[in-house]
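Descriptive analysis of the structure
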Amino acid sequence: MKLGARILKTGIAITMALLIAMILDLPSPAFAGIAAIFAVQPSIYKSYQTVIEQVQANLIGAIVAVLFGLFFGSNPFIIGFVAIIIISICLKLKLENTISIALVTEIAILEATGENFIYIAGIRFFTILIGVLSAFVVNLVFMPPKYEARLYHKTTHVTEEIIKWIRMNLRQASEYGTLKEDINRIKDQLIKLDQLFLLYKEERTYTKAKIYPKSRKLVLYRQLLTTTNRAFYTLKKLHRLENELHQMPIEFQEVIISELDVLLHHHEEALLKFAKKIKADKTSELATINTFEKEKLVQIFLDYQKSCKDPNCFHHLLPLVASIIDYHEHLEHLHVLINSYQHYHQKENDDLDLTEESI
């Protein structure tokens, strides 16, 4: 079992909230711990948003609960009715994510009816607020997430897996059922990569000097993910058209293999270049040695059209050729973005730590 940062932060936030409530001698410290559970978030920016929204939701829950508690008292029917009102208000104000904490506040207050109702309600509202603020402090101080390093390593891992399968499929070494299962798994990983990119995108820069490099880096990572998706799309086409491709003329198959090998090499080179694992003076030399010949690929495909006896086979393979060319264009653009970023933001690039220890 692997303990992630969010699991540890949740435990620390609960402990901190309970300790503060006990030190202040608040009557129901458990409410602080419960509130801390809802407030822990995967990023500092999301945590800040959550604090603002949960303070608003707490106020809504407290005000409505106090009003109904004063005029109608507290019983299960009143608590249920008030819950409906609070949910409606939160939905109207677009605070859907904070409905749970608002309902916790409502139940905590309405459960405390008696002579000192207002005083007890205020104490319990303050207790829940302590839990929310404790979680925010933990998110801010303990184990701040390093989404950039995680994004790079996960993208690299998925890309290497796609490249491995493309090479094996081209040489008829892949098992059909196993590859089909892996394609579905890789598809899920790509969705998670998009979610990780959004978390990285939400990370805020606090100095003006870093705003422009961060915006350019976002464009670079977006292209990195897009290129990986183009490689995955090519793999799916190869898998789907495996039989048709193997029935093509040997010359055509050899061109497909050689040109895709060039693209896969360029993709691996782009990942290494981005991580500063390739010498700058060797980049242009490698590009000269391995050149993608788009015209050759298109021409041999058109020549096949003139001689093929089955037009359907030609039409089936057309999307594969188009996906290879599209993959090449995205790879070219990725190399341009990497070169541009490393040239104009050399200091930020030198400070970039993409080692696995940095995650």
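The model shown is predicted, which means the values in this text are computed figures rather than measured ones.

This next bit is on the overall build of the protein. Helix and strand content of the protein: 15 helices and 0 strands. Counting across all 359 residues of the protein, residues that qualify as buried make up 45%. If you take every contact in the protein between residues at least 6 apart in sequence, the share linking residues at least 24 apart comes to 79%. Split by element, the accessible area of the protein, about 19400 Å² in all, is 61% carbon and sulfur.

Bringing the environment of Ala39 into the picture now. Topologically, Ala39 is positioned in helix H2 (residues 30-39). With relative accessibility at 1%, the residue Ala39 sits in the buried group. For the pair Ala39 and Val132, spaced 93 residues apart in sequence, the C-alpha separation works out to 5.5 Å. Here Ala39 is in contact with Ser47, Thr50, Gln54, Val132, Ala135 and Asn139, once residues within four sequence places are set aside.

Taken as a whole and judged by the stated rule, the model has 7 salt bridges. Where Glu161 meets Arg185, a salt bridge forms, and the shortest distance between an N and an O atom there is 2.2 Å. Taken as a pair, Glu161 in helix H7 (residues 147-170) and Arg185 in helix H8 (residues 176-202) lie far apart in primary sequence, 24 residues in all. Classification of Arg185 by relative accessible area gives partly exposed; the value is 33%. Linking Arg167 and Glu268 is a salt bridge whose minimum nitrogen-to-oxygen distance equals 3.0 Å. One end of the pair, Arg167, is in helix H7; the other, Glu268, is in helix H11 (residues 250-274), with 101 residues separating them in the sequence. Taken together, the shared-partner salt bridges in this structure form one network comprising Glu161, Asp182 and Arg185.

With respect to the helices and strands, Ala57 occurs in helix H3 (residues 44-72). Spatially, the C-alpha atoms of Ala57 and Leu95 are 7.3 Å apart, while their sequence positions differ by 38 residues. Beyond its immediate sequence surroundings of up to four residues, Ala57 is in contact with Thr98, Ile101 and Ala102.

Once that is clear, we can look at a nonpolar patch on the surface. A surface patch of nonpolar side chains, about 750 Å² in accessible area, is lined by Leu59, Ile63, Leu67, Leu70, Phe71, Phe72 and Ile118. Among the elements that make up the nonpolar patch, the one with the highest residue count is H3 (6 residues).

So, about the packing of H7 against H11. Each pair of packed helices gets described by two things: the angle between the helix axes and the distance between those axes. It is at 11 Å that the axes of H7 and H11 come closest, and there the two elements cross at 165 degrees. With respect to their mutual orientation, H7 and H11 come out roughly antiparallel. For H7 against H11, the interelement crossing comes out left-handed. Judged by residue contacts, Tyr152, Thr156, Thr159, Ile163, Ile166, Arg167 and Leu170 of H7 engage Ile256, Ile257, Leu260, Asp261, Leu264, His265, His267, Glu268, Leu271 and Phe274 from H11. Looking at side-chain class alone, the contact of H7 with H11 contains 10 nonpolar, 4 polar and 3 charged residues.

On to helix H5 (residues 99-110), then. Between its first and last C-alpha, H5 extends 16 Å over 12 residues, near the 16 Å set by a 1.5 Å rise per residue. Along H5, the residues classified as buried are Ile99, Ile101, Ala102, Leu103, Val104, Thr105, Glu106, Ala108, Ile109 and Leu110. The inward-facing, buried residues of H5 contact H2, H3, helix H4 (76-92) and helix H6 (117-141).

Moving on to the side chain of Thr228. Along the chain, Thr228 falls in helix H9 (residues 208-240). Residue class for Thr228 comes out buried when judged on its relative accessible area of 1%. Look past the residues within four positions of Thr228 in its chain and what remains in contact with it is Thr155, Val158, Thr159, Ile162, Leu190 and His267.

About the thresholds
Residues numbered from 1 in each chain as written. Predicted model: local features only at pLDDT ≥ 70, side-chain atom pairs only at ≥ 80, totals over all residues. Heavy atoms only, no water. Helix = DSSP H or I, 4+ residues; strand = E, 2+ residues; numbered from the N terminus. Buried < 20%, exposed > 50% of the residue type's maximum accessible area, 1.4 Å probe, protein only. Contact = heavy atoms within 4.5 Å. Areas by Shrake-Rupley, 256 points an atom, 1.4 Å probe, with all protein chains shown as cover. Salt bridge = Lys/Arg side-chain N within 4 Å of Asp/Glu carboxyl O. Patch = residues over 30% accessible without salt bridge, like charges linked within 9 Å, V, L, I, M, F, W, Y side chains within 5 Å. Axes fitted to C-alpha atoms, helices over the stretch in contact; angles between N-to-C directions. Parallel < 35°, antiparallel > 145°, perpendicular 65-115°, else oblique. Left-handed = near helix turned anticlockwise from the far one by under 90°. Nonpolar A, V, L, I, M, F, W, Y, C, P; charged D, E, K, R; others polar. Expected span 1.5 Å × (residues − 1).

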